[in-house]
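Geometric and topological summary
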Amino acid sequence: MRERTPMDSPVRILAVTGHAVARFRLDDPEPQLLLNGSQPRCIAIDPRDPERVYVGTMDNGLWFSTDRGASWREAGPSIDEHRVLSVAVSRSAEHAGVSVVYAGTEPSNLYRSEDGGLSWQLLPALRELPSASRWSFPPRPWTHHVRTIALHPADPESLAVGIELGGVMRSRDGGKTWIDHNPQAHSDAHQLLTHPLAPERLYEAAGQGIARSDDRGDTWKRLGVGLDRHYAWAQAIDGADPDLWYVAVSRSPAAAHGDGDGQARLLRSRGNGWEAVDGWGDSAELRRMPYALVTLPDQPGRLLVGLRGGTLLITEDAGETWSQLSVRLPDVIDLVATSP
């Protein structure tokens, strides 16, 4: 593996480090740190307007920027919880030219904004599901959170959320009513994704493994047969090919979230099973858990991987070969990429 040399790459990256948001280009080794000390945990970019960015934090609420992070303001006061652990911006729902945004919190509540984060509406029916009394996050058993939000790319009323730990909950009416967890899916949902070229699909990376639905969650297939580890954390889908799917897995939560060997693999599927594609080296630094994955916009086959500890790796050929970025970050928790 080689260190990546500077190249003409207009793609901009925003990386959540746990203490700040780092902003940089692939050809720029000096990241700019934003929202220092805010304890960020999740990030989303508006697909209609890449100037607009949303960041959820561990104890400091939700923040948004309308200039790619040059300046920030706190989201409207109607989010009651200070821990915002998931955020998603709709491709298909908008009001007055502004994309609809959803934010998930701890304890588990879901909020919707139709004015770019200035005001928020609580969607209380999520907490009225029969399974809600059993939701529990194991390290803090007295609470739980909305860990992930997946929005249908074409239907503005269809969405799914993953409760850590509780399952995958679905709505067909913008969050007014909900369908409870389907036991065919995994209950420890870490990340849910959708894809505009396969709009009915839901992809799930979970604590118990990997699953996929081809009908918005009505039925699921568990896809971990033959794998020697099943703790799935991060995932990404190639922008041009909904069958080209990457998932990071580990042997255990302790290994995945620890400071040492992540006991991890980065897996790739082309719709016909899984193969490991983490051939980037075996040093202690490079065996940390692949903690955040992002495909690059309009660049098929390119994937950026952020490891625990801050190492960034990139492939141009869907994982066959890798380069290490010269950017150095203290950690990587989440990643987004946008064209200029």
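Bear in mind the structure is a predicted one, so any value in this text is a computation, not a measurement.

**A few points about the overall build of the protein chain**
Along the backbone of the protein chain there are one helix and 28 strands. A compact globule built from 340 residues would reach a C-alpha radius of gyration of about 20 Å, and the protein chain, at 18 Å, matches this within 12%. Considering only C-alpha atoms, the protein chain reaches an extent of 50 × 45 × 35 Å along its principal axes. Considering only contacts within the protein chain whose residues lie at least 6 apart along the sequence, 48% involve residues at least 24 apart. Accessible area for the protein chain stands at about 13400 Å²; split by element, carbon and sulfur atoms hold 49% of it. Averaged over its 35 positive side-chain charges, the protein chain has a centre that lies 2 Å from the centre of its 45 negative ones.

**Some points on the side chain of S92**
For S92, the location among the structural elements is in strand 9 (residues 83–95). Among the polar contacts made by the side chain of S92, one reaches the main-chain carbonyl oxygen of H152 at a distance of 3.3 Å. With near-sequence residues (within four places) excluded, S92 lies in contact with R48, H152, P153, A154, D155 and P156.

**Quick word on unusual backbone geometry**
Between E106 and the following residue, P107, the backbone shows a cis peptide bond with an omega angle of -10°. Along the chain, the position of P107 falls in the loop between strand 10 (98–106) and strand 11 (110–113). Despite not being glycine, L35 has its phi angle at roughly 50°, a positive value. Mapped onto the elements, L35 comes out in the loop between strand 4 (32–34) and strand 5 (40–45). L35 sits in the buried class, given a relative accessible area of 15%.

**Regarding the sheet that holds strand 22 (residues 264–269)**
For sheets, the rule is that strands pair by backbone hydrogen bonds, running either parallel or antiparallel. Spatial strand order, 20-21-22-23: four strands in an open sheet with antiparallel pairing. Strands with a single pairing partner mark the edges of an open sheet, and in this sheet they are strand 20 (231–237) and strand 23 (275–276). Direction of pairing for strand 20 relative to strand 21 (residues 245–250): antiparallel, over a ladder of five bridges. Bridging from a neighbouring strand, A236 pairs with Y246 of strand 21.

**Topic: the pattern of salt bridges**
For the structure on display, the rule yields 24 salt bridges. With a closest N to O distance of 3.8 Å, D259 and R308 form a salt bridge. Pair noted here: D259 is in the loop between helix 1 (253–257) and strand 22 and R308 is in the loop between strand 25 (303–307) and strand 26 (312–315), with a separation of 49 residues, a long-range link. Among the residues examined, D259 registers a relative accessible area of 66% and is labelled exposed. Salt-bridge contacts for R308 lead to D331; the nearest nitrogen and oxygen are separated by 3.5 Å. Of the two residues, R308 sits in the loop between strand 25 and strand 26 while D331 sits in the loop between strand 27 (323–324) and strand 28 (334–338), which places them 23 residues apart along the sequence. The burial state of R308 is the same as that of D331; both residues are buried. Connected via shared salt-bridge partners are D59, R83, E106 and R140.

Each value, and the rule that gives it
Residues numbered from 1 in each chain as written. Predicted model: local features only at pLDDT ≥ 70, side-chain atom pairs only at ≥ 80, totals over all residues. Heavy atoms only, no water. Helix = DSSP H or I, 4+ residues; strand = E, 2+ residues; numbered from the N terminus. Rg over C-alpha atoms; globule rule 2.2 N^0.38 Å. Contact = heavy atoms within 4.5 Å. Areas by Shrake-Rupley, 256 points an atom, 1.4 Å probe, with all protein chains shown as cover. Lys, Arg positive; Asp, Glu negative; His and termini not counted. Charge placed at Lys NZ, Arg CZ, Asp CG, Glu CD. Polar contact = N/O pair within 3.5 Å; in protein donor to acceptor, adjacent residues only side chain to side chain. Buried < 20%, exposed > 50% of the residue type's maximum accessible area, 1.4 Å probe, protein only. Pairing = 2+ DSSP bridges. Salt bridge = Lys/Arg side-chain N within 4 Å of Asp/Glu carboxyl O.

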